[in-house]
Amino acid sequence: MLPVLVVHGGAGHIPKERVEMSCAGVRAATRAGYAVLQGGWSMDAVVEAVTHLENIPSFNAGCGSVLNVKGEVEMDAIVMDGRTLASGAVSAVRNIANPIQLARLVMEKTSHLCLTAEGASQFARAMGVPEVPGESLVTDYARMRWEKNLAPDANPVECQMGKMGTVGAVAVDADGNIACATSTGGMLNKMEGRVGDTACIGCGGYADNRVGAVSPTGHGEAIMKVTLARLILFHMEQGLSSHEGSDLGLATMKERVGGLGGVVTVDPQGRWAARFTSAQMAWAAAQGDTLHYGLYPGEDITQSIGDPN
Ligand code: GLY
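Just so you know, these numbers come straight off a predicted model, no measurement behind them.

## Re the nonpolar core
- By size, the foremost hydrophobic cluster in this structure holds 53 residues, and its most contacted members are Leu5, Val46 and Leu102.
- At seven residues, helix α2 (residues 42–54) tops the list of elements feeding residues into this core.
- In contact with Val46, not counting residues within four places along its chain, are Leu5, Ala169, Val170, Ala171, Ala179, Cys180 and Ala181.
- In terms of nonpolar packing, the next biggest core, distinct from the first, is built from 34 residues, Met80, Cys203, Tyr206 and Met253 among them.

## Considering the side chain of Lys190
- Position of Lys190 among the secondary structure elements: in the loop between β6 (178–184) and β7 (206–208).
- Among buried Asp, Glu, Lys and Arg side chains, Lys190 stands out as unpaired, with Glu74 the closest opposite charge at 4.8 Å.
- Excluding anything up to four places from it in sequence, Lys190 contacts Leu67, Asn68, Val69, Glu74 and Gly185.

## A short note on the state of the cysteines
- As enumerated under the stated definition, the model contains zero disulfides in all.
- Cysteine Cys203 shares no disulfide, and the gap to the nearest cysteine sulfur, in Cys200, comes to 5.2 Å.
- In this structure Cys203 comes out as buried when scored by relative accessible area, which is 7%.

## Some details on unusual backbone geometry
- Here the phi dihedral of Ala92 falls at roughly 50°; this positive angle occurs in a residue that is not glycine.
- Residue position: Ala92 is located in strand β3 (residues 86–93).
- Residue classification places Ala92 among the buried residues on the basis of a relative accessible area of 4%.
- Unlike most non-glycine residues, Asn189 shows phi in positive territory, near 60°.
- Tracing the backbone shows Asn189 in the loop between β6 and β7.
- On the basis of relative accessibility, which here comes to 15%, the residue Asn189 falls in the buried class.

## A look at the site of the ligand
- Taken together, Thr166, Thr184, Gly186, Met187, Arg194, Asp197, Thr198, Gly218 and Gly220 form the complete shell of residues around the ligand.
- At 2.7 Å, a side-chain N or O of Arg194 approaches an oxygen atom of the ligand.
- In this structure, Gly220 approaches the ligand through a main-chain N or O atom, which is 2.9 Å from an oxygen atom.
- When the ligand is considered free in solution it has 200 Å² of accessible area, and contact with the protein chains removes 99% of it.
- Counted by class, the shell around the ligand contains one nonpolar, six polar and two charged residues.

## Topic: the packing of α2 against helix α3 (residues 99–109)
- Running from N to C, α2 and α3 point in directions that differ by 150°, and their axes come no closer than 8 Å. Packed against α2, whose contacting residues are Met43, Asp44, Val47, Val50, Thr51 and Glu54, the element α3 presents Pro99, Ile100, Gln101, Arg104 and Met107 at the interface.
- Grouping the constituent residues of the contact of α2 with α3 by class yields six nonpolar, two polar and three charged.

## Describing helix α5 (residues 140–150)
- Regarding α5, the residues found buried are Tyr141, Ala142, Arg145, Trp146 and Asn149. Projection of α5 onto a plane perpendicular to its axis shows the buried side chains occupying an angular sector of 135°, all on one side.

## Description of the sheet that holds strand β10 (residues 272–276)
- Overall, antiparallel pairing links the four strands, which are arranged β7-β8-β9-β10 in an open sheet. Among the strands making up the open sheet, the edge pair consists of β7 and β10. Adjacent strand axes in the sheet meet at a mean angle of 10°, parallel and antiparallel pairs treated alike.
- As paired strands, strand β8 (residues 212–218) and strand β9 (residues 261–266) are joined by six bridges and run antiparallel to one another. Note that in β9 the partner of Val214 across the bridge is Thr265.
- Of the strands in this sheet, β7, β8 and β9 touch helix α8 (residues 228–237), which is tilted by about 140° from β8.
- On the sheet, helix α9 (residues 242–257) packs against β9 and β10 and is oriented at approximately 25° with respect to β10.

## So, the sheet that holds strand β2 (residues 75–81)
- Taking strand neighbours across the sheet as the criterion, the nine strands line up as β4-β3-β2-β6-β5-β1-β11-β12-β13 in an open arrangement whose pairing is mixed. The sheet terminates laterally at β4 (114–116) and β13 (301–304), the two strands that pair on one side only. Recorded for the sheet is a direction-independent mean angle of 10° between the axes of neighbouring strands.
- Here four bridges tie strand β12 (residues 290–294) to β13, and the two strands are oriented antiparallel to one another.

## Describing the pattern of salt bridges
- In this structure the tally under the stated criterion is 15 salt bridges.
- Residue Arg94 is joined to Glu72 by a salt bridge in which the shortest nitrogen-to-oxygen separation is 2.9 Å. With Arg94 in the loop between β3 and α3 and Glu72 in the loop between α2 and β2, this pair connects stretches of sequence that are 22 residues apart.
- Judged by its relative accessible area of 23%, Arg94 falls in the partly exposed class.

What counts and what doesn't
- Residues numbered from 1 in each chain as written.
- Predicted model: local features only at pLDDT ≥ 70, side-chain atom pairs only at ≥ 80, totals over all residues.
- Heavy atoms only, no water.
- Core = buried A, V, L, I, M, F, W, Y, C linked by side-chain atoms within 4.5 Å.
- Buried < 20%, exposed > 50% of the residue type's maximum accessible area, 1.4 Å probe, protein only.
- Helix = DSSP H or I, 4+ residues; strand = E, 2+ residues; numbered from the N terminus.
- Contact = heavy atoms within 4.5 Å.
- Lys, Arg positive; Asp, Glu negative; His and termini not counted.
- Salt bridge = Lys/Arg side-chain N within 4 Å of Asp/Glu carboxyl O.
- Disulfide = S-S within 2.5 Å.
- Near = heavy atom within 4 Å.
- Polar contact = N/O pair within 3.5 Å; in protein donor to acceptor, adjacent residues only side chain to side chain.
- Areas by Shrake-Rupley, 256 points an atom, 1.4 Å probe, with all protein chains shown as cover.
- Nonpolar A, V, L, I, M, F, W, Y, C, P; charged D, E, K, R; others polar.
- Axes fitted to C-alpha atoms, helices over the stretch in contact; angles between N-to-C directions.
- Arc of directions from axis to C-beta.
- Pairing = 2+ DSSP bridges.

The following block contains the structure:
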């Protein structure tokens, strides 16, 4: 079994001018996380990769998050440790740069699974997590999309295009330990206080050393209706591969609730999948000396892990 890290930068339709940024960001995050995975713990690797993506303004997580209906950033994040099924999440949290790290603190320092809104902020303060101005998380692009979606003639479907860039990662380390991490600004122009799939265990992420791990992206309400991460792992428990289980879970979500999305998935043997029903999903996977990546359905480009681009 070779350790593996698989990362996504969100399912959706990525505008042409943002394609290169998205793909380069996902490759860079995968390299950063994979460096940690070498001789290290899968949890550290997935948190490193997702932190990297939260810090890149072109993704819908951390700085660059989409705005809620009031024009503010509220973020959700989750981590899960497949050894013990320990998990931590935050929802509707504001004024922090890296919600994924706060989710990890919820897992490690509390007896709870999820803290929300002001309670999550109070916990962040108590943990010494630096508070940042809300405006520092808002990009011109996010504000432009928000304003466009407020227009009376806005097409809600078109307005969501390019904005499903939730980020996530799954990994198996050399000891066979499995972890997942997912982080998002949620859905464009969502109601204040809306909690999406990303904060909900079994929906926006799940990891179990006995079965595998999944980090989803896509329309949160659809993902929650089918508990997508756990549904895929259920199919894998029944004997399907990571690839087949991912496709079946995504097909069920499309057929039952009309939801599009994508996932990155691993099994305990390090067999991985990056699958999606949306037009695009920026993803990358590192295993051995090889970095795989893609954006369009069926695409799997390979390069040496040492290639800096
Ligand atoms: N999947 C991200 C969200 O809907 O919040």
